[in-house]
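So the chains spell out like this:
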Amino acid sequence: HDALPICMRGENPFYRKKWVFSPHKVSQLSKAEKGNCMKPLKLKLNNIGPFCGEHNLDFTELGEMYLICGKMGSGKTTIFDAITYALYGKLPGSRNLIGAKALFSDFASPEDLCQVDFTFEVKKKKYRILRNPPKNQEKKTSQEGKVVLYEVRKDGENLLTNQKSEVDKYINQLIGLTDDEFSR
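Residues numbered from 1 in each chain as written. Predicted model: local features only at pLDDT ≥ 70, side-chain atom pairs only at ≥ 80, totals over all residues. Heavy atoms only, no water.

Caption draft 1: Expanded view of the overall build of the chain. A count of helices and strands for the chain gives five helices and eight strands. Counting all 184 residues of the chain, 42% fall into the buried class. When contacts within the chain are restricted to residue pairs at least 6 apart in sequence, those whose partners lie at least 24 apart make up 55%. Counting only carbon and sulfur atoms, one obtains 51% of the accessible surface of the chain, whose full area is about 10700 Å². (Helix = DSSP H or I, 4+ residues; strand = E, 2+ residues; numbered from the N terminus. Buried < 20%, exposed > 50% of the residue type's maximum accessible area, 1.4 Å probe, protein only. Contact = heavy atoms within 4.5 Å. Areas by Shrake-Rupley, 256 points an atom, 1.4 Å probe, with all protein chains shown as cover.)

In structure tokens:
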């Protein structure tokens, strides 16, 4: 079976509300419908949640279907939080009430870089988004949240925008899901 984490059905993926999440149903999608799927490629975490320092996850090495598992507190939810934060600039569900500042690892020093670097593919194009959540005030740092969106090409990366409002709008149009729909 093809296993793609998020797929959309419909002629216009930006406005249809029929979402397909099951890997078993993905195999029933046409080639054109599969092309509208968002596929994670790489995730790099710098001092995010329980991950102190730099940690890389290459989804392309995991095959078509994979399971994220581990003991309680090992960072499984943090992986999904980081992807959602990279794309939408906020944490999913009720964790958004805590705020993005909570992403900064308790194990890192206040001077350390806190960043989510996510590379993904949509409609046969690759994109890379980097978001730096604002650091926790208790750690007495002044880093503001920053975001940069690139299109990844064979000849390098092309900066699309580094303005938060433009990135947010671009991601919503590109993926065709709101942050709430994405995190379900």
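Caption draft 2: Summary view of the nonpolar core. With 32 residues, the main nonpolar core has Leu 43, Leu 87, Phe 118, Phe 120, Ile 129 and Ile 171 as its most contacted residues. Contributing elements (two or more residues each) for this core: strand 3 (38–48), helix 3 (76–88), strand 5 (115–122), strand 6 (125–132), strand 7 (146–153) and helix 4 (164–175). Element by element, the count of residues in this core is highest for helix 3, at seven residues. (Core = buried A, V, L, I, M, F, W, Y, C linked by side-chain atoms within 4.5 Å.)

Caption draft 3: Structural context of the pairing of strand 7. When strand 6 meets strand 7, the two strands line up antiparallel, connected through seven bridges. Opposite Ile 129, over in strand 7, you have Leu 149 as the bridge partner. Bridge analysis of strand 7 against strand 8 (residues 156–161) gives five bridges, and the strand direction is antiparallel. Residue pairing in the sheet places Tyr 150 in a bridge with Leu 159 of strand 8. Turn length for the strand 7-strand 8 hairpin, with the two strands adjacent in sequence and antiparallel, is two residues. (Pairing = 2+ DSSP bridges.)

Caption draft 4: View of the confidence of the model for the chain. Taken residue by residue, the chain gives an average pLDDT of 77. The fraction at 70 or more is 70%. Predicted confidence is poor over residues 1–24, with pLDDT under 50, and the contacts of this stretch with residues over four places away or in other chains come to 66 contacts. (pLDDT = per-residue confidence, 0-100.)

Caption draft 5: Main features of the sheet that holds strand 8. Read from one edge to the other, the open sheet built from six strands follows the order 4-3-5-6-7-8, with strand pairing classed as antiparallel. Among the strands making up the open sheet, the edge pair consists of strand 4 (51–58) and strand 8. Across the sheet, the mean angle separating the axes of adjacent strands is 20 degrees when strand polarity is ignored. In this structure, strand 3 lies alongside strand 5, joined through eight bridges in antiparallel fashion. Looking across to strand 5, one finds that Lys 42 is bridged to Thr 119. Each of strand 3, strand 5, strand 6, strand 7 and strand 8 touches helix 4; the most contacted strand, strand 6, lies at about 140 degrees to it. (Axes fitted to C-alpha atoms, helices over the stretch in contact; angles between N-to-C directions.)

Caption draft 6: Representation of unusual backbone geometry. Its identity is not glycine, yet Lys 123 carries a phi of approximately 55 degrees, on the positive side. When you line up the elements, Lys 123 lands in the loop between strand 5 and strand 6. Its relative accessible area of 33% is what places Lys 123 among the partly exposed residues. Not every positive phi belongs to a glycine, and Lys 124 is a case in point at roughly 65 degrees. For Lys 124, the position within the fold is in the loop between strand 5 and strand 6. Judged by its relative accessible area of 74%, Lys 124 is exposed.

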